Amino acid sequence: MGYVCIFAEKPSQAKAYAEAFEVAKREKTHIELKPCSTFPDGAVITWGIGHLVGLKMPGEYREEWKNWDIKNLPIIPVQFEYKVSEDKKEQFNAVKKLINNADVVINACDIDREGSNIFYSTLNMTGAKNKTIKRLWINSLEVDEIVKGFHSLQSNEKDLLMYSEAKTRQISDWLVGMNASPLYSLLIQGKGLNTSLSVGRVQSPLVYMIYQHQKEIENFVSKPFFELVGHFKTVNGAYSGKAKVKTDTLEELTSFLLGHSLALEEENEGVVLDLDKKEKRTKSPKLHSLSTLQEVANKKWKYSPANVLKIMQSLYEKKICTYPRTDTNFITENEFLYLSNNVEQYMKLINVDFSPNKEANKRYVDGSKVEEHYAIIPTKTIPNESTINALSAEEKNIYDEVLRNMLAMFHNDYIYEETKIVTAVHDIEFETVGKIELNKGWKSLFMQSSKDENNKVEADKVLPSVSKDEKVLSVLKSKEGRTTAPKPYTEGDLVKVMKNSGKTVDDESDKEILNEVEGLGTEATRSSIIETIKKNGYITVTKNIVSVTNKGKILCEAIEDTLLASPVMTAKWEVKLKEIGTGNSSPDNFISNIKAFIMNLIQEAPQKIGQVSNIEQTIKIEQANNNKGNCPCCKKGQMIDRKTFLGCSEYKNGCKFSINKIIATKKLTEKNINDLLEKGITSFIKGFKSKTDKSFDAKLKVTGDKVTFEFSK
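Keep in mind that this is a model prediction, so the values were computed, not measured. (Residues numbered from 1 in each chain as written. Predicted model: local features only at pLDDT ≥ 70, side-chain atom pairs only at ≥ 80, totals over all residues. Heavy atoms only, no water.)

Engineer: Even after reading the chapter, I still don't get the pairing of strand 1 (residues 4-8), so can you show me in this structure?
Structural biologist: Along any regular strand, the residues point their side chains to alternate faces of the sheet. Along strand 1, five of the five residues are buried, which leaves the element largely enclosed by surrounding structure. Both faces of strand 1 are covered, namely the face carrying Val-4, Ile-6 and Ala-8 and the face carrying Cys-5 and Phe-7. As judged from the five bridges shared by strand 1 and strand 7 (residues 104-108), these two strands associate in the parallel manner. Pairing of Phe-7 across the sheet is with Asn-107, part of strand 7. Both strand 1 and strand 4 (residues 43-47) contribute to a ladder of five bridges, which runs parallel. Residue pairing in the sheet places Cys-5 in a bridge with Val-44 of strand 4. (Buried < 20%, exposed > 50% of the residue type's maximum accessible area, 1.4 Å probe, protein only. Helix = DSSP H or I, 4+ residues; strand = E, 2+ residues; numbered from the N terminus. Pairing = 2+ DSSP bridges.)

Written out as structure tokens, the structure reads:
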């Protein structure tokens, strides 16, 4: 085989690989392995720190692209170039040397498109030639899985196609971002709003979908409605039922009853028209993909999707959970075999006892549904008490959820008896449904694990014993209700919204495309997209409820009726990108279409910005929020919040007065700032630090056009 260089995506991954072999030496940038049966001539493991290499920024191609200017658009380099990240040069140089000295290079990054991109962009930058390239393909970081993976390395044919797809996606995102962001920002700024807009092919449609949903809620008008309820008495007890009647007014309901020779609150004779008892079963939930786990964790503990991925990555690296970035809910026979062999030990971890059904069920075990990765499950490593105790509270919750979700596959169905009574009063039928729980089955696992409302078993509605054709005494009543607005999105809902974005479009062919690519983003990227729109100030999340900000509304008005607002455009791009990943389409054709899209955007955007109504309102709000009071120096200007300091609005006319928000390492409070503006002096402030790192206390005082210290009490 020759000397081997193994390239991992990150240090923690490299450490896990090293634990499967004998280590000869550990260095800052790599780990040397002793020769063994797997690597007879020895091996070295080195790593990236995420992306060591990235695309150059516009200003690194041309001087005029350094600063935003509409006349310099479009920004389209003739040839895309890469560079080593400044803060990662030391690690890159070590990687370069190790790869160039090796005979065989193994891509041991995460087994997804991004892992392929990280590996090949780094490899290409090293300039290494004529190396044998192999791919490690594993779903678990357990020692035996690592060793087995290195003994059955794959060729890099599929990996190269994944890299081609990832590189094309990276370039297309760069083109859209580097052109659309300055375009819309400069046009908005030209209208007087001092802000910048980040525009992207995935983030922008997501913001727009949230915006549409929020508008639907804001524009919703609640209306009353009236339903017809029957209260029935029998020799064995009482029950109630509801008719399939709903009117807008009480008068309409009264009139409806009059047509049937009935009236509200009057006693009438009814009859049991039909009685049906059925045993019903509910199967346990499917095994978790990343998105289903993110949704459940957000409902139970309000964890953000990004946090769930971070926690899962940690559990993966601790070798007690399988690979997190998976979009399937199925496992193969191999995984089922080790789970069934160890099921009793898994049960002991959560102190449950039941007779497991060890027969594989296609609902969970289907190799034909598994491509790169299988569902999220516990590994065959059974954690001991000290391992569990060492987990954070969040890690314990997520591991517990994964464990119970897997054990549910071996448990009985949830079984209940459903009784349906149809009662007729004259010729109006009323339906009553009751439920008697016969066997909690798999639900018992989740009742013990959480107090979450979603996991509570529905309260039994015990019905009296009645028989068909039995006469009953009835009293009919009206029940008033009101139509309710759609619920606002939670952060967990956003994952589902992205995945099911096909439901937001009307065109059937567009629906098919969105369903084919499983909506916006991928299992691995959805949480980071949500984090991006939060970071860009388009949405806020308060008590897990998502709201679009004024800035988000401006973005949505600006891109309305353009392809940037449509999940369909992104989906069509994803279809083409997947074709590149299978070798059925050309990256060059895709990039050409992106360039044409950008040219069209540059032509149409100015007219669209002219129709944005939210700009003036936002300018007023920003001015009100940023205006902190009168300038105590010139007495003419207003003190405007400039993020890191407050400056006088009359600075162009010579007023130099400003207040830094941090003085001598001490962050000023709102009261400190208000005291300076209103009184010209603060009370004593503790905790300033001098240049020699000595602490001191002092007042702050306005002296001329400066803020100075006053030490006297």
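Engineer: Explain the pairing of strand 9 (residues 224-234) to me, please; I cannot follow it from the model alone.
Structural biologist: Of all the eleven residues making up strand 9, eight are buried; the element is thus mostly covered by neighbouring parts of the structure. Both strand 9 and strand 14 (residues 471-482) contribute to a ladder of ten bridges, which runs antiparallel. By the bridge assignment, Val-229 is partnered in strand 14 with Lys-477. Of the pairings in the sheet, the one linking strand 9 to strand 10 (residues 237-247) comprises eight bridges and is antiparallel in character. Considered in strand 10, the bridge of Glu-227 is made with Lys-246. Joining the antiparallel neighbours strand 9 and strand 10 is a turn of two residues.

Engineer: Before we go on, may I ask you to explain the confidence of the model for the chain in this structure?
Structural biologist: If pLDDT is low for a region, its predicted coordinates should not be looked at in detail. Mean pLDDT for the chain: 91, with 94% of residues reaching 70 or above. Helix 12 (residues 393-408) holds the highest mean pLDDT among the elements of the chain, 98, whereas helix 20 (residues 614-626) holds the lowest, 66. Residue range residues 449-459 is modelled with pLDDT below 50. Its contacts to residues more than four positions away, or to other chains, number 17 contacts. (pLDDT = per-residue confidence, 0-100. Contact = heavy atoms within 4.5 Å.)

Engineer: What should I look at first to understand the packing of aromatic side chains in this one?
Structural biologist: The relative placement of two aromatic rings is captured by the distance of their centres and the angle of their planes. Throughout the structure, instances matching the rule amount to 25 aromatic pairs. Considering the side-chain rings of Phe-232 and Tyr-239, the 5.2 Å spacing of their centres and the 45° angle between planes classify their relative orientation as tilted. A single burial state applies to Phe-232 and to Tyr-239, both of which are buried. An aromatic cluster is present here, built from Phe-7, Phe-119, Tyr-120 and Tyr-163 joined pairwise through their rings. The side chain of Lys-246 reaches across the aromatic face of Phe-225, ending 4.5 Å from its centre. For the cation-ring pair, Lys-380 lies above Tyr-338, with the distance from its terminal atom to the ring centre recorded as 5.2 Å. (Phe/Tyr/Trp six-rings, centres within 6.5 Å; stacked < 30°, edge-to-face > 60°. Lys NZ or Arg CZ within 6 Å of the ring centre and 35° of its normal.)

Engineer: Would you mind showing me how to read the sheet that holds strand 7 here?
Structural biologist: Strand pairs in the sheet, formed through backbone hydrogen bonds, run parallel or antiparallel to each other. Read across the open sheet, the six strands follow the order 2-3-4-1-7-8; overall the sheet is mixed. Of all strands in the sheet, those bounded by a partner on one side alone are strand 2 (23-26) and strand 8 (132-135). The sheet shows a mean angle of 20° between the axes of neighbouring strands, taken without regard to direction. (Axes fitted to C-alpha atoms, helices over the stretch in contact; angles between N-to-C directions.)

Engineer: Please clarify how the sheet that holds strand 24 (residues 695-703) should be interpreted in this entry.
Structural biologist: Within the open sheet, the three strands sit side by side as 23-24-25. Their pairing is antiparallel. Of all the strands in the sheet, the pair left with one neighbour each is strand 23 (685-689) and strand 25 (706-710). Going from strand to strand, the sheet's axes swing by 60° on average, the running direction of each strand aside.

Engineer: How do you make sense of the nonpolar core when you look at a structure like this?
Structural biologist: One recurring pattern in soluble globular proteins: nonpolar side chains tend to sit buried together. Leu-175, Tyr-184, Leu-206, Ile-210 and Leu-564 are the most contacted members of the largest nonpolar core, which has 81 residues in total. A per-element tally of this core places helix 5 (residues 157-189) first, with ten residues. Not counting the four nearest positions on each side in its chain, Ile-210 is found in contact with Tyr-489, Leu-494, Ile-533, Ile-539, Val-546 and Val-548. Counting residues in each nonpolar core, the second largest holds 45 residues, with Leu-293, Ile-311, Phe-330 and Tyr-399 among its members. (Core = buried A, V, L, I, M, F, W, Y, C linked by side-chain atoms within 4.5 Å.)

Engineer: Sorry, what's going on with unusual backbone geometry here?
Structural biologist: In terms of backbone geometry, most residues other than glycine have negative phi values and most peptide bonds are trans. Put simply, Leu-73 and Pro-74 share a cis peptide bond, and its omega is 5°. Relative to the assigned elements, Pro-74 resides in the loop between strand 5 (53-55) and strand 6 (82-84). Here Glu-265, not a glycine, exhibits a phi torsion of approximately 70°, which is positive. Tracing the backbone through its elements, the reader meets Glu-265 in the loop between helix 7 (250-258) and strand 11 (267-282). The exposed category is assigned to Glu-265, whose relative accessible area is 53%. Backbone geometry places Asn-351, a non-glycine residue, at a positive phi of 55°. Assignment of secondary structure puts Asn-351 in the loop between helix 10 (333-349) and helix 11 (385-390).

Engineer: Help me understand the side chain of Thr-570, please; the structure alone is not making it clear to me.
Structural biologist: Mapped onto the elements, Thr-570 comes out in helix 18 (residues 567-581). Residue class for Thr-570 comes out buried when judged on its relative accessible area of 0%. When sequence neighbours within four positions are dropped, the list of residues in contact with Thr-570 reads Arg-201, Val-202, Pro-205 and Leu-520.

Engineer: Please clarify how the packing of helix 5 against helix 19 (residues 587-609) should be interpreted in this entry.
Structural biologist: Describing two packed helices takes the angle between their axes plus the distance from one axis to the other. Two numbers describe how helix 5 lies on helix 19: the axes approach to 10 Å, and their chain directions differ by 10°. Classified by the interaxial angle, the pair formed by helix 5 and helix 19 is roughly parallel. With respect to the hand of their crossing, helix 5 and helix 19 are arranged in right-handed fashion. On helix 19, the residues that touch Ser-164, Thr-168, Ile-171, Ser-172, Leu-175, Val-176, Asn-179, Ala-180, Leu-183, Tyr-184, Leu-187 and Ile-188 of helix 5 are Pro-587, Phe-590, Ile-591, Ile-594, Lys-595, Phe-597, Ile-598, Leu-601, Ile-602, Ala-605, Pro-606 and Ile-609. Grouping the amino acids of the contact of helix 5 with helix 19 by side-chain chemistry returns 19 nonpolar, four polar and one charged. (Parallel < 35°, antiparallel > 145°, perpendicular 65-115°, else oblique. Left-handed = near helix turned anticlockwise from the far one by under 90°. Nonpolar A, V, L, I, M, F, W, Y, C, P; charged D, E, K, R; others polar.)

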